[in-house]
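Chains, contacts and geometry: an overview
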Amino acid sequence: MTTAPTSRTTESAVPRATVPGEVRHDLVLRAARAVTPEGERAVEVGVTDGRVAAVVPLGTGLVGDEVHELAADEVLLPGLVDSHVHVNEPGRTQWEGFATATRAAAAGGVTTIVDMPLNSVPPTTTVANLETKQRRAADQAFVDVGFWGGAVPGSTGDLRPLHEAGVFGFKCFLADSGVPEFGHLDDDELRLDLAELRTFDGLMIVHAEDPDALSSAPHEPGRHYRDFLASRPAGAESAAIAAVIDAARATGARAHVLHLSDAGSLPQIAAARAEGVRLTVETCPHYLSLDAEHVPDGATAYKCCPPIREQGNQDGLWQGLADGTIDIVVTDHSPATAELKEPADGDFATAWGGVSSLQLGLAVVWSEARRRGVALEQVVRWMSEGPARLVGLEDKGAIAVGKDADLVVFAPDEAFVVDPRRLHHKNPVTPYAGRDLTGVARRTLLRGRPVGDRPTGRLLRHAGAPAPADRPSDHPAGA
Ligand SMILES: [Zn+2]
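Quick notes on the rules
- Residues numbered from 1 in each chain as written.
- Predicted model: local features only at pLDDT ≥ 70, side-chain atom pairs only at ≥ 80, totals over all residues.
- Heavy atoms only, no water.
- Donors = N, O, S within 2.8 Å, 3.2 Å for Na, K, Ca; no water.
- Helix = DSSP H or I, 4+ residues; strand = E, 2+ residues; numbered from the N terminus.
- Buried < 20%, exposed > 50% of the residue type's maximum accessible area, 1.4 Å probe, protein only.
- pLDDT = per-residue confidence, 0-100.
- Contact = heavy atoms within 4.5 Å.
- Disulfide = S-S within 2.5 Å.
- Expected span 1.5 Å × (residues − 1).
- Arc of directions from axis to C-beta.
- Polar contact = N/O pair within 3.5 Å; in protein donor to acceptor, adjacent residues only side chain to side chain.
- Salt bridge = Lys/Arg side-chain N within 4 Å of Asp/Glu carboxyl O.
- Core = buried A, V, L, I, M, F, W, Y, C linked by side-chain atoms within 4.5 Å.
- Axes fitted to C-alpha atoms, helices over the stretch in contact; angles between N-to-C directions.
- Parallel < 35°, antiparallel > 145°, perpendicular 65-115°, else oblique.
- Left-handed = near helix turned anticlockwise from the far one by under 90°.

**Considering the coordination of the zinc ion**
Protein-derived ligands of the zinc ion are His84 (NE2), His86 (NE2) and Asp332 (OD), with the metal-ligand distances lying across 2.1 to 2.2 Å. Counting the intervening residues between successive donors of the zinc ion yields the motif H-x1-H-x245-D. Within this pair, whereas His86 is found in the loop between strand 7 (80-85) and helix 1 (98-107), its partner Asp332 is found in the loop between strand 15 (328-329) and helix 11 (338-341), the two being separated by 246 residues in sequence. Assigned by exposure class, His86 and Asp332 land together as buried.

**Describing the confidence of the model for the protein chain**
On average, the protein chain scores 94 in pLDDT, and the residues at 70 or more come to 93%. Overall, residues 1-5 carries pLDDT values under 50, and its contacts beyond four positions in sequence, including any with other chains, amount to 2 contacts. Considering only residues more than four positions removed or in separate chains, one finds that residues 470-479, a stretch of pLDDT under 50, has 19 contacts.

**Overview of the state of the cysteines**
Counted according to the given criterion, the structure contains 0 disulfides. This cysteine, Cys284, is not joined by any disulfide, and Cys304 carries the nearest cysteine sulfur, 7.6 Å off. For Cys284, a relative accessible area of 0% translates into the label buried. The closest cysteine sulfur to the non-disulfide-bonded Cys304 is located on Cys305, 6.8 Å from its own sulfur.

**Focus on helix 4 (residues 187-198)**
Taking 1.5 Å of rise per residue, 12 residues should cover 16 Å, and helix 4 covers 16 Å from first to last C-alpha, within 8% of that figure. For helix 4, the set of buried residues is Leu190, Asp193, Leu194 and Leu197. Summarising the axial view, the buried residues of helix 4 lie within an arc of 105 degrees, below the 170-degree limit, and thus occupy one face. In helix 4, the exposed residues that point more than 90 degrees away from the buried face are Asp188 and Leu192. In this structure, the buried residues of helix 4 make contact with helix 3 (156-164), strand 11 (170-173), strand 12 (203-207), helix 7 (234-251) and strand 13 (254-257). A distance of 3.1 Å separates the backbone nitrogen of Asp188 from a side-chain oxygen at the start of helix 4, and that oxygen is part of Asp186.

**Considerations on the pattern of salt bridges**
Side chains that carry opposite charge are capable of pairing whenever their charged atoms lie near each other. A full pass over the atoms with the stated rule returns 32 salt bridges. Close ionic contact of Glu181 with Arg92 constitutes a salt bridge, the shortest N to O distance being 2.7 Å. Note that Glu181 is positioned in the loop between strand 11 and helix 4 and Arg92 in the loop between strand 7 and helix 1, a separation of 89 residues in sequence. Among the residues examined, Arg92 registers a relative accessible area of 14% and is labelled buried. Across the pair Arg249 and Asp246 runs a salt bridge, and its minimum N-O distance is 3.0 Å. With a gap of 3 residues between them, Arg249 and Asp246 both fall in helix 7, about one helical turn apart. A residue is classified by how much of its surface remains accessible, and Arg249, at 41% relative accessible area, is partly exposed. If you follow the salt bridges from partner to partner, you end up with Arg51, Asp144, Asp395, Lys396, Asp404, Asp406 and Arg447 in one network.

**Let's talk about the nonpolar core**
Of all hydrophobic cores here, the largest spans 95 residues; its most connected members are Leu77, Ile113, Phe170, Met204 and Leu279. Look past the residues within four positions of Leu279 in its chain and what remains in contact with it is Val244, Ile245, Ala255, Val257, Ile269, Ala272 and Arg273.

**Some thoughts on the packing of helix 12 (residues 361-371) against helix 13 (residues 376-391)**
Look at helix 12 against helix 13: their axes get within 10 Å of each other, and the N-to-C directions meet at 140 degrees. Considered as vectors, helix 12 and helix 13 are oriented oblique to each other. Relative to helix 13, helix 12 is oriented so that their crossing is right-handed. On helix 13, the residues that touch Gly361, Leu362, Val365, Trp366 and Ala369 of helix 12 are Leu376, Val379 and Met383.

**Some remarks on unusual backbone geometry**
The residue after Glu89, namely Pro90, is reached through a cis peptide bond having omega -5 degrees. Positionally, Pro90 belongs in the loop between strand 7 and helix 1. In this structure, Pro122 follows Val121 across a cis peptide bond, with omega equal to 10 degrees. Mapped onto the elements of the fold, Pro122 is located in the loop between strand 8 (110-115) and helix 2 (127-138). We note that Asp332 has phi near 50 degrees; this positive angle belongs to a residue other than glycine. For Asp332, a relative accessible area of 8% translates into the label buried. The phi torsion at Arg447 lies on the positive side, around 50 degrees, for a residue other than glycine. With respect to the helices and strands, the residue Arg447 is situated in the loop between strand 17 (436-446) and strand 18 (449-450). Assessed through its relative accessible area of 13%, Arg447 is described here as buried.

What follows is the structure, given as structure tokens:
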């Protein structure tokens, strides 16, 4: 009989002297399983000054001031990078906020988020507005935080200054965004802005639903999910994606399709990429794990736009991930207050659209991947390495020498039932309540330090932007 092994951390009061020439790390992690860029390996990871300084075969015997040995049921992962998070602060801070969102991120194994430009007031459409948001985030971030800019009608002249101020790219809508302060672009404006972005190789990320296709769809309010689904048809996505492809082709700019729900759009995406159009695509945990057939009447926690579609569509999205047409999986964590998200009458037409899953994204995707026989290292490519590459975060997304030591001790076989009371989201409304999931982030390290009671996250700017004064203490609180 043996007892289950547990992870151990040792910190000797009298550190062993190093022999001449031996490197002593701040922290050494020993993992029989670690997801590295070369695949799953048994390694020791040496961390010095917050960065990965060594990745060597397990048994090498790296020396560290602190040594953490992972348990037999744990895997060391690079911290996840979630490039699609709506923090909503300031302005709609009752929906979410930097402290709650980044705590939830850390609890779910996410060490970097990139905040969406809308639902906060002000939206991130000018440098002054970006600075307002950065000031609010600076002393509240428990993980690293970057920002997207927004492209709205008439804002073409603000794109380059925002780029130079460090945003990772620009979000636009092709249909109503749901909030009045963030207008949507028509086809001409999309091309105008893409042409501007081309001048500095900026990235446009697009909410792709076609407004005409949406307005000509039936709009039957009420508690039945199938009526809501009919109001956001797959054809609205495919028409808008066709417009994005045309505009990216015509301008040579980089475009990224946000939250792809319609698997029927995959062939045109694959064809455009094969032709050389600079297009990338993401999908989200809810499209990969939930299906229209199982949404109960009045369960508005499932409402998001574009909508969760049928089971067969979900299978198509997994196929798109497997064949590489879909690049990444990020949450589109888009909270609102419980009152807006779950109106008493259960009407899908009036409920706020958005699924909050920042803390649950890894477990949701991994649980479904596992069921489908997809390896954990593949999930890490979609949720860490891929998003880091999309936004150009060269220090993130891998356990490799020189990268930030953003690491997650993950127990892939540990089962749990989603209890909303254990979510750090400010409004823990979730369609996953009561769901059986597998995979727990037991420990999350940011630059080699456990995410704890103090916000140690930094504000990120894209490579090439001026260095940020990013320590929380460098910024006064408040806007
Ligand atoms: Zn979103």
